[in-house]
Amino acid sequence: HADGELYVGSCDGALSCFSLDGALLRSWNAHEPIKISPAVGKDHVYFLTDGGRLYALDRKDFRRPAWECRIGTSGLFISSPAVGGGHVYVGTAGSGFMCVGQPAGTRQDVRWLGHLGGPGRSGWADRTPPANQGRFAWRHPPEQDDEAAATTAVARVAAPLAVGSNALYVAQHGARNGLLKLVPARDRRRAPAEAGFHATPNGVFLSPAVYDNLVYVVDGRPGDEGRRLHCLAADSMKPLWSREIDRDASGESALAAGQMLIYDRPGQLTLLNLGAAAAVAVWSAP
């Protein structure tokens, strides 16, 4: 019941909306029995069918679902959904207690805190399941014929890339020193497009980090002159600030809650407070 309307599911697969005096206002057929009570939100009504399919149906017209999600294929589905915090919560007999969806109207930024995603991570950015088969999808730059390839110097990639919100950041050295930004195509089987490049005096040999629309990258490797930690705007790849790194330091780093731990001197670890205008050292220790 909400706003003077009653929402009822039935075993013939219909979700129906009635006025308080019993008049049928609208109905939608899920083609599967609905044996539990729906949950009614501001704009949508959420319900689970006997076949394990969860629906979010537009309350105004019942014309079509805003989304649907299968939460199981076997067992009993008799748990009424509950809605809160931008998620739908529902229990199942075979798959346990499930949380579905992400809050609407909010951007869920992917945070890549360093090498392979940061300490304790394994290089899996967003828990999206991989493909069933490891078929070749694309390469960058696009494949060339033998004659063109023989005369073109290809940049080398030695570090894990960084995954941001709808972008990939690739550390390069050799023919093209710097950090390359790629934006995946809508069809992920097609090659991504270049969306920016930040050139550095030395090549980039360490994985960059991405946090709150900022990208951090250390240029060079131990022994190189003029090494620096660079902060870039993730959208435009525009440099915002840089900080010196000793030529013999490893330059390895990790982010955590707006701060960075970095080996910026040989045998020295420094904690930096990060901002869009500068990095401020909090402490350094052997």
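To be clear, the structure that these remarks concern was listed above.
Below, the structure is looked at part by part.

Definitions and cut-offs
Numbers given to residues run from 1 along each chain, matching the order in which its sequence is written. In view of the model being predicted, local features appear only for residues whose pLDDT reaches at least 70, and side-chain atom pairs are presented and counted only at 80 or more, with totals across whole chains, interfaces and linings using the full set of residues. Neither water nor hydrogens contribute to the side-chain values; these are computed over all heavy atoms in the structure. Helical segments are the DSSP runs of H or I of at least four residues, strand segments are the runs of E of at least two, and each set is numbered from the N terminus. Each residue is placed in one exposure class: buried if its accessible area under a 1.4 Å probe, protein chains only, is under 20% of its type's maximum, exposed if it is over 50%, and partly exposed if it falls in between. We call two residues in contact when some of their heavy atoms are within 4.5 Å. Two strands qualify as a pair provided DSSP detects at least 2 bridges between them. Where helices are involved, their axes are fitted lines through C-alpha atoms of the stretch in contact, as for all axes, and angles between N-to-C directions lie from 0 to 180°. We call Phe, Tyr and Trp rings a pair once their centres come within 6.5 Å, taking the six-membered ring for Trp, and we label the pair stacked below 30 degrees between planes, edge-to-face above 60, and tilted otherwise. Distance and angle both matter: a charge sits over a ring if NZ of Lys or CZ of Arg is within 6 Å of the ring centre and within 35 degrees of the ring normal. Here, a salt bridge means any side-chain nitrogen of Lys or Arg that lies within 4 Å of a carboxyl oxygen of Asp or Glu.

1. Topic: the overall build of the protein
Part 1 of the reasoning: Across its full length, the protein holds one helix and 22 strands.
Part 2 of the reasoning: Within the protein, the fraction of its 286 residues that count as buried is 37%.
Part 3 of the reasoning: Contacts spanning at least 24 positions in sequence make up 33% of the contacts within the protein whose residues lie at least 6 apart.

2. Considerations on the sheet that holds strand E15 (residues 209–211)
Part 1 of the reasoning: The strand order across the open sheet built from four strands is E15-E16-E17-E18, with neighbouring strands paired in antiparallel fashion. Looking along the sheet, the strands with just one partner apiece sit at the ends: E15 and strand E18 (239–244). With strand direction ignored, the average angle separating the axes of adjacent strands in the sheet is 20°.
Part 2 of the reasoning: Both E15 and strand E16 (residues 214–218) contribute to a ladder of three bridges, which runs antiparallel. Within the sheet, the bridge partner assigned to Ala-209 lies in E16 and is Tyr-216.

3. Focus on the packing of aromatic side chains
Part 1 of the reasoning: With the rule as written, the count across this model stands at six aromatic pairs.
Part 2 of the reasoning: Between Phe-47 and Tyr-55, the aromatic rings sit 5.3 Å apart at their centres with planes inclined by 20°, giving stacked as the arrangement. There is no split in this pair, since Phe-47 and Tyr-55 are both buried.
Part 3 of the reasoning: On the numbers, 6.2 Å between centres and 50° between planes, the contact of Tyr-216 with Trp-241 is tilted. Residue Tyr-216 is found in strand E16, and its partner Trp-241 is found in strand E18; the two are separated by 25 residues along the sequence. Assigned by exposure class, Tyr-216 and Trp-241 land together as buried.
Part 4 of the reasoning: Pairwise contacts between aromatic rings join Trp-28, Phe-47 and Tyr-55 into one cluster.
Part 5 of the reasoning: One residue, Arg-26, lies across the ring of Phe-62, its end atom 5.3 Å from the ring centre.
Part 6 of the reasoning: Over the ring of Tyr-211 we find Arg-111; its NZ or CZ atom is 4.2 Å from the centre of that ring.

4. Digging into the pattern of salt bridges
Where charged atoms of side chains with opposite charge meet at close range, the side chains can pair.
Part 1 of the reasoning: What the rule picks out here adds up to ten salt bridges.
Part 2 of the reasoning: Note that Lys-35 and Asp-50 form a salt bridge whose closest N and O atoms lie 3.5 Å from each other. Of the two residues, Lys-35 is situated in the loop between strand E3 (24–29) and strand E4 (39–40) and Asp-50 in the loop between strand E5 (44–48) and strand E6 (53–58); the sequence distance between them amounts to 15 residues.
Part 3 of the reasoning: Judged by relative accessible area, Asp-50 falls into the partly exposed class, the value being 27%.
Part 4 of the reasoning: The shortest N-O distance in the salt bridge between Asp-248 and Arg-247 comes to 3.7 Å.

5. Quick word on the environment of Met-260
Part 1 of the reasoning: Inspection of the secondary structure puts Met-260 in strand E20 (residues 259–265).
Part 2 of the reasoning: Along the chain, Met-260 and Asn-273 lie 13 residues apart, while their C-alpha atoms are 6.7 Å from each other.

6. Brief notes about the sheet that holds strand E21 (residues 268–274)
Part 1 of the reasoning: Strand order across the open sheet formed by four strands is E19-E20-E21-E22, with antiparallel pairing between neighbours. Sheet topology places strand E19 (253–256) and strand E22 (279–285) at the edges, where each strand pairs with a single neighbour. Across the sheet, the mean angle from the axis of one strand to that of its neighbour is 30°, orientation sign disregarded.
Part 2 of the reasoning: In terms of strand pairing, E21 meets E22 through six bridges, oriented antiparallel. Looking across to E22, one finds that Leu-269 is bridged to Ala-285.

7. As for unusual backbone geometry
Part 1 of the reasoning: One non-glycine residue, His-31, lies in positive phi territory at about 65°.
Part 2 of the reasoning: Within the secondary structure, His-31 is located in the loop between E3 and E4.
Part 3 of the reasoning: Phi at Phe-62 takes a positive value of approximately 55°, unusual for a residue other than glycine.
Part 4 of the reasoning: Note on placement: Phe-62 falls in the loop between E6 and strand E7 (65–70).
Part 5 of the reasoning: On the basis of relative accessibility, which here comes to 3%, the residue Phe-62 falls in the buried class.

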